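What follows is the residue order along each chain.
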Amino acid sequence: MDAQSQWTGLDAGRLERITEHLERNYIGPKKIMGCQVAVARHGHVAYQKSFGSMDLERNKPMADDAIFRIYSMTKPITSIALMTLYERGYFQLNDPVSRFVPSWKDHRVWISGEGADMVTEAPKRPVSFRDVLCHTGGFTYGGGLPGVGIQHPVDKIYRELKIRSAGSTDSMAQFLDKLAQVPLLYQPGERWMYSLATDICGALVEVISGKPFAQYLQEEIFGPLGLVDTAFFVAPDKVDRFCANYQRGPDKQLKLIDDAATSAFTQDPGFKSGGGGLTGATADYLRFCEMLRRGGELDGHRVIGPRTLELMHMNHLAGGKDLSTMALGTFSETANDGVGFGLGFASTMGQVETGSLGTGDYYWGGAASTIFWVDPKEDLCVVFMTQLMPSGTFNFRGQLKSLIYSAIVD
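These notes cover the structure that comes with them. Remember, it's a predicted structure, so these values are computed and weren't measured experimentally.

## Description of helix H5 (residues 153-160)
Those residues of H5 that sit buried are Pro153, Val154, Asp155, Ile157 and Tyr158. Here the buried face of H5 lies against strand E5 (109-112) and helix H6 (172-179). In the stretch just after H5, lysine 162 is the one whose phi turns positive, near 55 degrees.

## With respect to helix H8 (residues 213-225)
In this model H8 runs 17 Å from its N-terminal to its C-terminal C-alpha over 13 residues, within 8% of the 18 Å that 1.5 Å per residue would give. Just downstream of H8 lies glycine 226, where phi reads positive at about 70 degrees.

## Here's the deal with the environment of leucine 292
For leucine 292, the position within the fold is in helix H9 (residues 282-293). For leucine 292, a relative accessible area of 2% corresponds to the buried category. Filtering out sequence-adjacent residues up to four positions away, leucine 292 remains in contact with Ile80, Leu309, Phe345, Tyr362, Phe372 and Val374.

## Observations concerning the sheet that holds strand E9 (residues 254-258)
Sheets are built from strands paired through backbone hydrogen bonds, the pairs being either parallel or antiparallel. Reading across from one edge, E9-E8-E19 is the order of the three strands in this open sheet, with mixed pairing throughout. Strand pairing shows two members of the sheet lacking a second neighbour, E9 and strand E19 (388-389), which therefore form its edges. Relative to E19, strand E8 (residues 245-248) is paired through two bridges, and the arrangement is parallel. Residue pairing in the sheet places glutamine 247 in a bridge with methionine 389 of E19.

## Digging into the sheet that holds strand E16 (residues 362-365)
Strands sit in the order E3-E2-E1-E18-E17-E16-E15-E14 across an open sheet of eight strands; the sheet is antiparallel. Two strands close off the open sheet at either side, each with one partner strand: strand E3 (60-61) and strand E14 (339-341). The pairing of strand E17 (residues 371-375) with strand E18 (residues 380-385) spans five bridges and is classified as antiparallel. By the bridge assignment for E18, valine 374 is matched with cysteine 381. Packed onto the sheet, helix H2 (residues 12-27) meets strand E1 (34-41), strand E2 (44-55) and E18 and runs at close to 15 degrees relative to E2. Contacting E1, strand E15 (346-348), E16, E17 and E18, helix H13 (residues 396-405) runs over the sheet at an angle of about 40 degrees to E17.

## Here we look at the packing of helix H3 (residues 74-87) against H9
Direction vectors running N to C along H3 and H9 enclose 45 degrees, while the axes themselves pass 12 Å from each other. Between H3 and H9, the angle is such that the two are oblique. Read as a crossing pair, H3 and H9 show a hand that is left-handed. Contacts between H3 and H9 pair Pro76, Ile77 and Ile80 from the former with Tyr285, Phe288 and Leu292 from the latter. Considering only residue class, the contact of H3 with H9 consists of six nonpolar, no polar and no charged.

## Details of the packing of aromatic side chains
This model, assessed by the stated rule, comprises 20 aromatic pairs. Ring geometry for tryptophan 104 versus phenylalanine 139: centroids 5.2 Å apart, planes at 40 degrees, classification tilted. One end of the pair, tryptophan 104, is in the loop between H3 and E5; the other, phenylalanine 139, is in the loop between helix H4 (129-134) and H5, and 35 residues separate them in sequence. Here tryptophan 104 and phenylalanine 139 have matching classes, each one buried. Members of the aromatic cluster, connected to one another through ring pairs, are Tyr141, Trp192, Tyr194, Phe341 and Trp364. Over the face of the ring belonging to tryptophan 373 we find arginine 397, whose NZ or CZ atom lies 5.3 Å from the ring centre.

## Focus on the state of the cysteines
As enumerated under the stated definition, the model contains zero disulfides in all. With no disulfide of its own, cysteine 35 has cysteine 243 as its nearest cysteine by sulfur position, at a separation of 10 Å. As a non-bridged cysteine, cysteine 381 has cysteine 289 as the owner of its nearest cysteine sulfur, 5.4 Å distant. When its relative accessible area of 0% is taken as the criterion, cysteine 381 is described as buried.

## Looking at the pattern of salt bridges
Following the criterion strictly, the structure yields 24 salt bridges and no others. Across the pair lysine 211 and glutamate 219 runs a salt bridge, and its minimum N-O distance is 2.7 Å. Take glutamate 219: its relative accessible area is 36%, and that puts it in the partly exposed class. Connected through shared salt-bridge partners, Asp65, Asp229, Lys238 and Arg241 make up one network.

Conventions adopted
Residues numbered from 1 in each chain as written. Predicted model: local features only at pLDDT ≥ 70, side-chain atom pairs only at ≥ 80, totals over all residues. Heavy atoms only, no water. Buried < 20%, exposed > 50% of the residue type's maximum accessible area, 1.4 Å probe, protein only. Helix = DSSP H or I, 4+ residues; strand = E, 2+ residues; numbered from the N terminus. Contact = heavy atoms within 4.5 Å. Expected span 1.5 Å × (residues − 1). Pairing = 2+ DSSP bridges. Axes fitted to C-alpha atoms, helices over the stretch in contact; angles between N-to-C directions. Parallel < 35°, antiparallel > 145°, perpendicular 65-115°, else oblique. Left-handed = near helix turned anticlockwise from the far one by under 90°. Nonpolar A, V, L, I, M, F, W, Y, C, P; charged D, E, K, R; others polar. Phe/Tyr/Trp six-rings, centres within 6.5 Å; stacked < 30°, edge-to-face > 60°. Lys NZ or Arg CZ within 6 Å of the ring centre and 35° of its normal. Disulfide = S-S within 2.5 Å. Salt bridge = Lys/Arg side-chain N within 4 Å of Asp/Glu carboxyl O.

Below you can see the structure in the form of structure tokens.
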């Protein structure tokens, strides 16, 4: 066993199966433009490689310091930020959000119909902080998920009010007040639906702290952890490190959908999306994951307490149910069977139900097929970055889990 294997308990030879798998199944056949994988265990990097291209049109090989659109991998960062305010005593999980957003006292819940014929009722209880952290508040994405049109009368109201539409210049307070005008899709806590809930969490960070959301993230998370390439836009001097973004067309060929040089992500956005607005590098996200693995601290900087973090990756779905029995809608960055959801993270409840190795890990992904997970039992962190829309085209998490966990030898 080599020294690296002794430190990590991961067989280096078996980890090379990751290389063979990705080259054979994805890079060679050009199913993705390129990717990066980082695997760390016991605080040591066991595997880290870049594959393919970061920009096919410019023939640029994937750079080790490439910057990616991490989309919904913003959500765990935002959730951690909101929970640092929980630790400061600003709220309890079951407190109504209307304590800070008075307009939410007028929320209604959709029953039937649309437009002038829409029937609503009063919520059985107010939307709580737990609900917005857990996607159980009754909000939707307004029909804005990949592959999902405006399919519900409630979603039409999101569009009519231009809630989180492209190029939105709404303040955080305006965003929250607009949501008071939209009926909740279901009674709070009774179902789970992937939604704008984490954008709400970001807005609440700003409202409660009294600081701009981006500033709060910089002061409380990015700065202390040394996340030097994580931001809501790619700075001009870093654009040459920014990946292009692709999707697979009907002919299965890669099609450019967002050029790195002209991307909206090269401009400072008016609305800082806590649900999907960040860009970042693999090395940065691995440091964020290492902080999580270490119970909320890294290099002497504590971001969040270990018991708070443990609470966050417990399953908070009613009755301990999994997403297969609680989820509405057809899109999210996770499968549903055997998967619970906590305060910003999905969690694996059972290997048999999910059909994958490892249990008790917590994770999330991004719309461009990025994924990370942290496994407290195995003392393991994994980050996978690529730029292929939408996520779910390939089961990268399941494939990588079988490759990585079969390499654990201690």
